[in-house]
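# A closer look at the structure
So you can see what is in the structure, the chains are spelled out below.
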Amino acid sequence: MAGAQMVIQALVDQGVDTIFGYPGGAILPVYDALFHQEQVHHILVRHEQAAAHAAEGYARSSGRVGVALVTSGPGVTNTVTGLTDALLDSIPIVCICGQVATHLLGTDAFQEADTTGITRACTKHNYLVRNVDQLSEVLHQAFHVARSGRPGPVLIDLPKDVQVARGKYLRPEEVSHYKHYPYSVPANDPKIDQALEWMAQAQRPIFYTGGGVINAGPQACELLRNLVHATGFPITNTLMGLGAYPASDRQFLGMLGMHGTYEANLTMYHCDLMIAVGARFDDRVTGKLSEFSPHSKKIHIDVDPSQINKIVHVDLGITADASCALEALLESWKHQGRRPSDLRPWWSRIEQWRSRQCLAFKQVSDTIKPQYAIQRLYEKTRHQDPIITTEVGQHQMWAAQYFGFERPNRWLTSGGLGTMGYGFPAAIGAQLANPEALVIDIAGDGSILMNLQELSTAVQYRLPVKIFIINNRWLGMVRQWQELVHGGRYSQSYSEALPDFVKLAEAYGALGLRATKALELDRVIDQMVAYDGPVVADIWVDPNQNCYPMIHSGAPHYQMLLEDESNEPVQTTEVGRAML
Amino acid sequence: MIRPTQEHLLSILADNEVGTLARIVGTFAARGYNIESITAGGLDDDQKKPSRIIIATEGTPAVIEQIKAQLTRIVTVHSVDNLSRHEECIERELLLIKIKPKCRKALAALLERFEYRIIEQDSDWITYELVSSQLTVNAFLDATQNTEAAEDVDFVRTGIIALRKH
């Protein structure tokens, strides 16, 4: 079998039905092999970065491995942002890229790049395949590495002559040498006992859970829900963890961190026991480290041992898959007949914080408040269980705050890397993995321009993806920081010469809609959802809104700026600015 | 010139593959850890067996634990063993040092204190080989720096190799 055919066969054997790619000289033999078959469906993107993000969107919304196929040199360097994004958010994708023939390697040949060198720092693992006899083993290993342990991106650099050469194909079950991640924890592990002991004693406990629970699969989310209900503890989610626990549940305090809720952050600050599951104490979550939850015992469950004690010293670290650890905790909690201590005083404090209603806003005039736009989108689409992707900035935080997620794999956002341009291609990937779903990219006027060319892809494949632009004519989050931290010096953050998004949509063959007044909003949302095809909805919102609550400049959790307080520009030192 | 005594020796067992060493070194560079010395070698000729890499580094216990954990994440790394306590392991370093014959006298007293071997000698240079613990190699180099012959001396050292005693 030729190397190129092995690539296709391995995709089939790994259960891949859809890949995202862009052809070019060094990957042509694989594209030729694609031409001769119908098992793997190829989606032609318009820029390789979008192929990587689409693969991420496919993976995150389906729990399967996403695949990108690109050519050498500029083809693969364009995927670097997507690979880095997948690395930081632990998303399983495999990127297969062409490379110049082996005899040309290292000669600065046409479209040659040191791909394994460039991507070493932004992949979980990468391979340069110099011999066709290694190819099938590498392909299967790549999928194994991408999805096992802590998931992540894997790249296979494939020289053109290896694609043409013939060799023996091995099926996945014929391949050995898989690195195993034995991260399970038995229910009778002493650490589980210790955790339960602390949980039963805690007066002021909280669960703080992240994307690791979602990566561990729907059963992990169900176990989490059962454990939280069994214990009666409050729970907060990270940006990456939204959807792991139903947003409508009373025990859910909302997202925590820089733009988290008042109640979530204060509960974290005042707790005496924190149970972190699949979260990694990101600086956007912790704020000022020396004042991060200073009075609590901390339990940290993570599949990646390097995350335990990396940022915050914890009292008990359990290296395990979230699903496995939650099951052990839940079973033993029930089996041992554990009971929580009286949590009523704790809950009454939490309810006080909650009654502060930190996300309240008033939609008073004609001008659409961005919060209102997202709230209406949520209320009008929630019964359809939509998949929401976002770009990065204010609109992303508002989406996290005002859109409630009841299920995992419904919220796809670039959390770790914060990649503007992520949301639209991710939505394309999610739509292909979930053809029946309503998929909406909540975007900003700045971010959407970063991968707008993919409208062409959406139109070509008749993907009914909706782009909901929170258009405030600013790079809003940049403007907000410039207002609050840099003395109102709005350096390069005004979106001058924005295109007419409605006409732009029409130019691509999509439907363009616009709402400029609050009264038009519902109608535009209805039209957008009803239309069977890609839509760009341009929602003109109040340009001066800031995203609150906000924890400032490496400040602790108890120092939050809130919407209805007068937020004078804060006197920030150079050191403080650097910490943002 | 004087190198501080290394606090920790990490013995890494990793697949003998292209890129493995780069990933290990890249982890140190990207996360701001220091490599005091590094030695690497395959354990067989045909690259089937893993290679052993010994890295000398410094850091607080928490940093060393983090380095260990970060290295263990690398797909081609099998294990990372911290040989930090010197009594638990045997360590050696090889020093090659060449001097101008005219300096021989100045270094004579010094050389007497160490076990060495002359491995090359002609009218221009005399080359010595010294195999010992790193502390001894450091002491020897420090001593040569203090002689008048410093410019007439050239040397190279391998970095530490180490093996757990039991």
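In what follows, the structure referred to is the one given above.
The structure presented is a predicted model; accordingly, all values stated were derived computationally and were not measured.

Rules behind the numbers
Chains are numbered independently. Their residues run from 1 in the order of the written sequence. Whichever chain is written first becomes A and whichever ligand is written first becomes 1, with later ones labelled in order. The predicted origin of the model limits local features to residues at a pLDDT of at least 70 and limits the giving and counting of side-chain atom pairs to 80 or more, whereas totals for whole chains, interfaces and linings rest on all residues. Strands are runs of DSSP state E lasting at least 2 residues, helices are runs of H or I lasting at least 4, and numbering of each runs from the N terminus. In this description, any two residues whose backbone-derived C-beta atoms lie within 7 Å of each other are considered to be in contact. For every residue, the other C-beta atoms within 10 Å of its own C-beta are counted; 20 or more classify it as buried, 12 or fewer as exposed, and values in between as partly exposed. C-beta atoms are placed from the backbone. Whenever a helix is involved, its axis is fitted only over the stretch in contact; in every case the axis is a line through C-alpha atoms, and angles between N-to-C directions fall within 0 to 180 degrees. Working definition: roughly parallel below 35 degrees, roughly antiparallel above 145 degrees, roughly perpendicular at 65 to 115 degrees, and oblique for all remaining angles. It is the rotation of the near helix from the far one that decides the hand of a crossing: anticlockwise by less than a right angle makes it left-handed, clockwise makes it right-handed. Amino acids outside the nonpolar list (Ala, Val, Leu, Ile, Met, Phe, Trp, Tyr, Cys, Pro) and the charged list (Asp, Glu, Lys, Arg) are all regarded as polar, and Gly is one of them.

Residues and elements named next belong to chain A. By secondary structure assignment, the location of Asn451 is in the loop between β15 (439-444) and α19 (455-460). Between the C-alpha atoms of Asn451 and His47, which are 404 residues apart in sequence, the distance is 7.9 Å. The contacts of Asn451, once residues within four sequence positions are left out, are His47, Gln49, Ala50, Gly421, Phe424 and Pro425.

Attention now moves to unusual backbone geometry. All names here are of chain A. A cis amide bond, omega -5°, links Tyr548 with the succeeding residue Pro549. Take Pro549: it is sitting in the loop between β18 (535-540) and β19 (550-551). Backbone geometry at Gln111 places phi at a positive 55°, although glycine is not the residue there. When the 16 C-beta atoms within 10 Å are taken as the criterion, Gln111 is described as partly exposed.

To continue, consider the packing of helix α16 (residues 370-381) of chain A against helix α22 (residues 518-530) of chain A. All names here are of chain A. In the contact formed by α16 and α22, the axes pass within 10 Å of each other and the chain directions differ by 45°. In terms of orientation, α16 and α22 fall into the oblique class. Read as a crossing pair, α16 and α22 show a hand that is right-handed. Of the residues in α22, those in contact with Tyr372, Ala373, Arg376, Leu377, Lys380 and Thr381 of α16 are Ala518, Leu521, Asp522, Ile525 and Val529.

The accessible area lost on association of the parts is a frequent measure of interface size. At the interface, 14 residues of chain B touch 13 residues of chain A. Elements with a contribution of two residues or more to the side of chain B that touches chain A: α1 (20-31) and α2 (61-73) of chain B. Looking at the side of chain B that touches chain A element by element, the count peaks at 7 residues for α2 of chain B. Of the residues that constitute the side of chain B that touches chain A, the class distribution is 6 nonpolar, 5 polar and 3 charged.

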